[in-house]
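Residue-level structure breakdown
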Amino acid sequence: MKPAPFDYHVPADADDAVALLADLGDDAKAIAGGQSLVPMLALRLAAFDHLVDLRKVDELRGIDNRGDSVWIGAGTTQATIQRSDDVRSAVPLLARATPLIGHFQIRSRGTIGGSIAHADASAELPAAALTLDAELEALSPRGRRTIPASEFFTGMWSTDLAPDELLTGINFPVWSGRCGFAVEEFARRSGDFAIAGAMVAVGLGDDGRIDRCAIGLFGLGPTTCRAAEAEAALIGTDPEAAVADDVAKAAVSPLTSVPADLHGSADYRKRVGAAMVARAWRSAVQEAVHG
Ligand SMILES: Cc1cc2nc3c(=O)[nH]c(=O)nc-3n(C[C@H](O)[C@H](O)[C@H](O)COP(=O)(O)OP(=O)(O)OC[C@H]3O[C@@H](n4cnc5c(N)ncnc54)[C@H](O)[C@@H]3O)c2cc1C
């Protein structure tokens, strides 16, 4: 099937792009890499009279290591992030999560902003942004604002962005000191969206006890989420004393909206999710404690 007809706009800068989105209203949609939007248009799951292509908006691209954070333009491709030495050294969890997205052809066109704005519950980049407490920068005709990742993902494929608002960049805090990071996911075939996945970031204080902890879950609810209760219970504890299976149980047992579909029941996804948390916990603690 082919998409329904649309008018195609290619603004030269971000202000023009948001002005167009505001003028054209609900009939318009931004398009970045097209790796989620084009299949939806082609399958006629979505139709818009106007597409606003962001490919010429240079200010949406780039990676800037600012010392205590790494800024990534929303239009930066996933392949560029995967190749970045700054991302690898300063935001290792993001560097490890990005290659798990689809296949290299998809990562060559797909952008970080497109993935985060699309907000698929099984996607890696929304989970990485939430796990690392990233800040999302947005622009609309009303000006610029910064949205904490914890307030950005509002439900299934929905975010805090207004229809005429663009994501311009994502700021990832750099964790310093003794830290460990891991991502684990299970998919039926390499490159498929994960059935369930987990990300763990753990930081140790001078006394060797856990002073920072983030457990992000994906594929386990209508949107990516954090295991806040499990995280809180781990603060101040000896990382090697925590039993991975207990951490996993504490992380997934509060989940109440686990999806069920032809890939598996809610109970199956929960069990897979727990296994992913346990694996990620062991790896992150190993890295934090032993380097
Ligand atoms: C076969 C296949 C397998 C895939 N597997 C995975 C996978 O395993 N994991 C995964 O995470 N993803 C996967 N994807 C999706 C892929 O990561 C997409 O690249 C990504 O979801 C969307 O990025 P995009 O730049 O292509 O956005 P587009 O498809 O162009 O846009 C997606 C949505 O984001 C909006 N948007 C885009 N840019 C902005 C912006 N700057 N500001 C506001 N809104 C914006 C668009 O309006 C649209 O609603 C897969 C895709 C395919 C086709």
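The structure displayed is predicted, hence computed values, not measured ones.

A word on a negative patch on the surface
A surface patch of like charges, here negative, comprises Asp7, Asp26, Asp27 and Asp49. Relative to the assigned elements, Asp27 resides in the loop between helix H1 (14-24) and strand E2 (28-31). On the basis of relative accessible area, Asp27 is assigned to the partly exposed category, the value being 38%.

Some words on the nonpolar core
Counting 41 residues, the largest nonpolar core has Leu94, Ile116 and Phe172 as its most contacted members. Among all residues touching Ile116, those that are not within four sequence positions of it are Leu125, Pro126, Ala129, Leu136, Phe152, Phe153, Thr159, Leu167 and Ile170.

Focus: helix H11 (residues 244-252)
If you check which residues of H11 are buried, you get Ala244, Val247, Ala248, Ala251 and Val252. Buried residues along H11 cover an arc of 115° about the axis, so they all sit on one side. Those residues of H11 hidden inside the fold are in contact with strand E13 (210-218), helix H10 (228-234) and helix H12 (266-290).

Observations concerning the sheet that holds E13
Strand order in the open sheet made by the four strands is E11-E12-E13-E14, with antiparallel pairing throughout. The open sheet has two edge strands, strand E11 (178-186) and strand E14 (225-226), and neither has a second partner. Lying over the sheet, helix H8 (residues 124-131) contacts E11, strand E12 (196-204), E13 and E14, oriented at roughly 25° with respect to E12.

Focus on a nonpolar patch on the surface
Side chains of Phe6, Tyr8 and Val10 sit close together on the surface and give an oily, nonpolar patch of about 250 Å² of accessible area. Residue position: Val10 is located in the loop between strand E1 (7-9) and H1.

Notes on the site of the ligand
Residues in contact with the ligand amount to 30 residues; listed here are only the nearest, Ala30, Gln35, Ser36, Leu37 and Thr111. Glu124 places a polar side-chain atom, nitrogen or oxygen, 2.7 Å from a nitrogen atom of the ligand. Interatomic distance of 2.8 Å between a backbone N/O atom of Leu167 and a nitrogen atom of the ligand. For the ligand, whose free accessible area comes to 970 Å², the fraction covered by protein is 88%. Elements that contribute at least two residues to the shell around the ligand include exactly E2, helix H7 (112-118) and strand E10 (166-173). A per-element tally of the shell around the ligand places H7 first, with four residues. Here the residues of the shell around the ligand are counted per class, giving 15 nonpolar, 12 polar and three charged.

Topic: the pattern of salt bridges
Tallied over the entire structure, the rule returns 15 salt bridges. Where Arg226 meets Asp133, a salt bridge forms, and the shortest distance between an N and an O atom there is 3.1 Å. Of this pair, Arg226 sits in strand E14 while Asp133 sits in the loop between H8 and strand E6 (135-140); the two residues are 93 residues apart in sequence, bridging distant segments of the chain. The residue Arg271 makes a salt bridge to Asp267 at a minimum N-O spacing of 3.4 Å. Taken together, the residues Arg271 and Asp267, both in helix H12 and four residues apart, mark about one turn of the helix. Looking at Asp267, the relative accessible area reads 49%, which means it is partly exposed. Here the salt bridges do not stand alone but share partners, grouping Asp133, Arg226 and Glu231 into one network.

A closer look at the packing of aromatic side chains
Per the counting criterion, the structure on display carries two aromatic pairs. A ring pair is formed by Phe152 and Phe153, whose centres lie 5.1 Å apart and whose planes are at 85°; its orientation type is edge-to-face. This pair shows no difference in class: Phe152 is buried, exactly as Phe153 is. Seen from the ring of Trp175, Arg212 lies directly overhead, with NZ or CZ sitting 3.8 Å from the centre.

Observations concerning the state of the cysteines
Going through the model one piece at a time under the given rule, you end up with zero disulfides. The thiol sulfur of Cys213 is not disulfide-bonded, and the nearest other cysteine sulfur, from Cys179, lies at 12 Å. A relative accessible area of 9% places Cys213 in the buried class.

Definitions and cut-offs
- Residues numbered from 1 in each chain as written.
- Predicted model: local features only at pLDDT ≥ 70, side-chain atom pairs only at ≥ 80, totals over all residues.
- Heavy atoms only, no water.
- Patch = residues over 30% accessible without salt bridge, like charges linked within 9 Å, V, L, I, M, F, W, Y side chains within 5 Å.
- Areas by Shrake-Rupley, 256 points an atom, 1.4 Å probe, with all protein chains shown as cover.
- Salt bridge = Lys/Arg side-chain N within 4 Å of Asp/Glu carboxyl O.
- Lys, Arg positive; Asp, Glu negative; His and termini not counted.
- Charge placed at Lys NZ, Arg CZ, Asp CG, Glu CD.
- Helix = DSSP H or I, 4+ residues; strand = E, 2+ residues; numbered from the N terminus.
- Buried < 20%, exposed > 50% of the residue type's maximum accessible area, 1.4 Å probe, protein only.
- Core = buried A, V, L, I, M, F, W, Y, C linked by side-chain atoms within 4.5 Å.
- Contact = heavy atoms within 4.5 Å.
- Arc of directions from axis to C-beta.
- Pairing = 2+ DSSP bridges.
- Axes fitted to C-alpha atoms, helices over the stretch in contact; angles between N-to-C directions.
- Near = heavy atom within 4 Å.
- Polar contact = N/O pair within 3.5 Å; in protein donor to acceptor, adjacent residues only side chain to side chain.
- Nonpolar A, V, L, I, M, F, W, Y, C, P; charged D, E, K, R; others polar.
- Phe/Tyr/Trp six-rings, centres within 6.5 Å; stacked < 30°, edge-to-face > 60°.
- Lys NZ or Arg CZ within 6 Å of the ring centre and 35° of its normal.
- Disulfide = S-S within 2.5 Å.

None of the figures reported here should be taken as evidence of function without further support.
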